[in-house]
Each structure stands twice: as structure tokens, then as C-alpha cells.
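Summary of the model geometry
Okay, here's what each chain looks like letter by letter:
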Amino acid sequence: MYKPVSRMRRLIPVLKQDGVDTDLIMLVRTILAASKEIAFRVSQGELAGILGSTLNENIQGEVQKKLDVLANQLIKEMLLDDESVRAIASEEEEHVVAGHSTGRYIVAFDPLDGSSNIDVNGQIGTIFTVYPAREDVAYDSCQQFHQPGINQLCAGYILYGPSSLLVLSTGGPTRCYTLDLTHGGYLLTKAQMNVPRDSCEFAINMANYRHWSRVTQAYFDQVLYASERFRHSSVRWNAAMVGDVHRVLSRGGIFLYPEDARLGNETGKLRLLYEANPLSLLIEKAGGKATSSGRRTLEIMPKDLHQRVPVVLGSVGPVDDFNSAVFSA
Ligand code: AFP
């Protein structure tokens, strides 16, 4: 079904070859047009005057960075100009933003994931996902987004690092494209990303140890002090899920953000709709596994736009290992 494609091809011909619907291709182009503007501003850093915080908090109670606000505004405005967009959800918007009542798609995004990295020139990214619009609920209702992750038509992220990368799946392989600044477009640089089955590299914020459940603590006691399998393990933590997941997609490993005892984190920290679901689809389409409380993340039925979930994803071996230790205990 998905024919092999050669490297260095431009994005649009690859999407056409993959049989992606023309409206969806145009929608992806819209998101990428916004991403190129964000990539440019990020590369300008302090020169563009976008470092630092605003005086506002977002719906999650987090102080908004100037670049968060700018990225949200850019993506939102461009999406609202696209007639195929029926409704939008964003980390930076409390409610659903109404689009065109006859649009075929709904879009959710995290405009700038890892915003604490902005001021230190670290990895940050934009995460997005597209679902089919529902005909059985009002076009601007939050229920538009009450769909499990398996319904995603397309999911991706743009990683603003030393080079800007687009990682995308439209239901087929997870492919990686690199932004070519000489012609301003994305070129295919990995036709199929593959998560190795095993790896002993893990990504977790160990400083949260004291807040974890006893079983999670016991699992990490064993990983750190007893496990033969993890004897040569190492920890990598970006504080930007998009950067950690990119590493896992590139060379394997496990990424975890379990629930913990802190107020607001009782069901996890990461957001199901615009963080966990798109990244879980990309991981699965690259042969990895993505779970939440021991079950497949993509099957969770969302109840709320900004719902938080525990996240455990990456190489199949360590993900299974963690889930059987913690959920069969
Ligand atoms: P921000 O976008 O608000 O910086 O949050 C990033 C994030 O949601 C995710 O990308 C990281 O994995 C996680 O938070 C980091 O959380 P800690 O600061 O608790 O380690």
C-alpha cells in the first residue's frame, strides 16, 4: 500500500504518492507555513525579541512565554483561513475555537512544547494532530474532540533544533523531513523511522521520585540498583517531550511521565489530545509502543479538551517491562 519512496524528495509529492487527500495535504501545508515562520523566529532568538515571559497564565496555570503566544496566534490565524478546518483546540486556548461549519477536519496542537527551553536555546517543538470532524455534534462544540487517538488522520511535530525537522504520519510510516533553508521547503530525509525493540536509555524526570507511587518507585529502584538489563543504562531528559520522543524514534529507549502525588498531576502531567495522542501515533507507526496506565493510549476516549494522562512510550521491550512490573504488581 505504501510504496517505497526515495530520500530528498519534497513533502507534497510524497504525500500525493501516499494517497493523502488533497484537502488534508493543503491543511498540512498551512500548518507547515506557520512552522517555517516560527522556525525563523526561533533561529533569531534574542534578536527577534521573543525570549522571556508575558504577564499571563494559560489554562494550565503556566506562565506563558512570548513565543508560546506568538506561535499560537500564528498557527490559529492560518488555520482559521483554511476552509477545511471546522474547529481548533490548542494548549494555549481554554475553549474550542470555531472554524468553518462545513470544514472536514478538526485540528489540535501544542504551539510550543518545551517552552521552558526557549530562553536557554534548547529543543522546542510544535505538535499537531488532525481528526475527521464529527457530524453528530455542533461544529464548534468541544465534543468534536471527544474521539480516541486511533481516529487521527494525521499527526506530526516540528522540532526546532540545530536543524528544523518535520516528523509526520498520515496513517502510514512515520517519516522525517528536514527544512531546507535554501528553498524553504521540507525534504524527506528518513522514509521510515524505526524504533528499535530494545534499548536501555530512559527519559524521566527523576526529581519527581518522591511524588511517585510505591510501585513506580520500586520499579526504578530495581532499574537503578539491581537490574542486569539496565546495567549500562543512561538517562536523557530534555524537558521537552517532543525532543525526548524524537530521540526515542531515532535510536530507541523509553519515555515516561507517570502520574504523581502533586496537585494537578494526579492523572499525569501531559495532555492527551495534543501531546500524548499525536506522539503515540508516531511511535506506533514506527514500530514502538505507547501506553497510559498499562493500556494503549490511542484507545482512550477523551472527556476533556485539556485532559492529562500518564505517558509511557518507546521501545516495546522496556515499555512492556515497566507495565508488567507496575500494573501486574
Ligand atoms: P512546557 O511546554 O510547559 O515547557 O512543558 C513541557 C512538558 O509538557 C513536556 O514537553 C515535558 O516532557 C514535560 O512538560 C517536562 O515536565 P517537567 O518540567 O515536570 O520535567
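Residues numbered from 1 in each chain as written. Predicted model: local features only at pLDDT ≥ 70, side-chain atom pairs only at ≥ 80, totals over all residues. Heavy atoms only, no water.

The protein has the name Fructose-1,6-bisphosphatase class 1 in an unreviewed UniProt entry, where Bowmanella denitrificans is given as its organism. As its UniProt record puts it under Sequence similarities (unreviewed entry), the protein is described as follows: "Belongs to the FBPase class 1 family." Under the UniProt heading Pathway (unreviewed entry), the note attached to the protein is "Carbohydrate biosynthesis; Calvin cycle." (UniProt positions renumbered as here; feature names shortened; annotations may be inferred.)

On to helix α2 (residues 22-44), then. Compared with the 33 Å implied by 1.5 Å per residue over 23 residues, the 33 Å span of α2 between its first and last C-alpha is a close match. At the N-terminal boundary of α2, the capping side chain belongs to Asp21, with an oxygen 3.0 Å from the backbone nitrogen of Asp23. Once α2 ends, the next one or two residues include Gly45, with phi positive near 50 degrees. (Helix = DSSP H or I, 4+ residues; strand = E, 2+ residues; numbered from the N terminus. Expected span 1.5 Å × (residues − 1). Polar contact = N/O pair within 3.5 Å; in protein donor to acceptor, adjacent residues only side chain to side chain.)

Size it by volume and the second largest pocket reaches roughly 370 Å³. The dominant element in the lining of the second largest pocket, judged by the number of residues it contributes, is α2, at five residues. Tallied by class, residues from the lining of the second largest pocket come to 11 nonpolar, eight polar and two charged. (1 Å grid on protein atoms, 1.4 Å probe; cavity = no way out; pocket = protein on both sides within 12 Å on 5 of 7 lines; lining within 4 Å. Points joined across faces, edges and corners; volume = space filled by probe spheres on them. Nonpolar A, V, L, I, M, F, W, Y, C, P; charged D, E, K, R; others polar.)

By size, the foremost hydrophobic cluster in this structure holds 40 residues, and its most contacted members are Leu11, Leu79, Leu166, Leu168 and Tyr177. Among the elements that line this core, the one with the most residues is α2, at 10 residues. Residues contacting Leu11, with those up to four places away along its chain left out, are Val28, Leu32, Leu166, Leu168, Tyr177 and Tyr186. Counting 29 residues, the second largest nonpolar core, distinct from the first, contains Leu159, Cys176, Ile283 and Leu313. (Core = buried A, V, L, I, M, F, W, Y, C linked by side-chain atoms within 4.5 Å. Buried < 20%, exposed > 50% of the residue type's maximum accessible area, 1.4 Å probe, protein only. Contact = heavy atoms within 4.5 Å.)

Phi is positive for Ala239, which is not a glycine, with a value near 65 degrees. If you trace the backbone, Ala239 turns up in the loop between β12 (234-235) and α5 (241-251). What makes Ala239 partly exposed here is its relative accessible area of 37%. Of note in this structure, Ser293 is not a glycine but carries a positive phi near 50 degrees. Tracing the sequence through the fold places Ser293 in the loop between β15 (289-292) and β16 (295-296).

This part covers the packing of helix α4 (residues 214-225) against helix α7 (residues 316-327). Packing of α4 against α7 brings their axes to within 9 Å, and their N-to-C directions diverge by 130 degrees. Between α4 and α7, the angle is such that the two are oblique. Of the two elements, α4 crosses α7, and the hand of that crossing is right-handed. Residues Val215, Thr216, Tyr219 and Phe220 of α4 pack against Pro318, Asp321, Phe322, Ala325 and Val326 of α7. When grouped by side-chain class, the residues that make up the contact of α4 with α7 number seven nonpolar, one polar and one charged. (Axes fitted to C-alpha atoms, helices over the stretch in contact; angles between N-to-C directions. Parallel < 35°, antiparallel > 145°, perpendicular 65-115°, else oblique. Left-handed = near helix turned anticlockwise from the far one by under 90°.)

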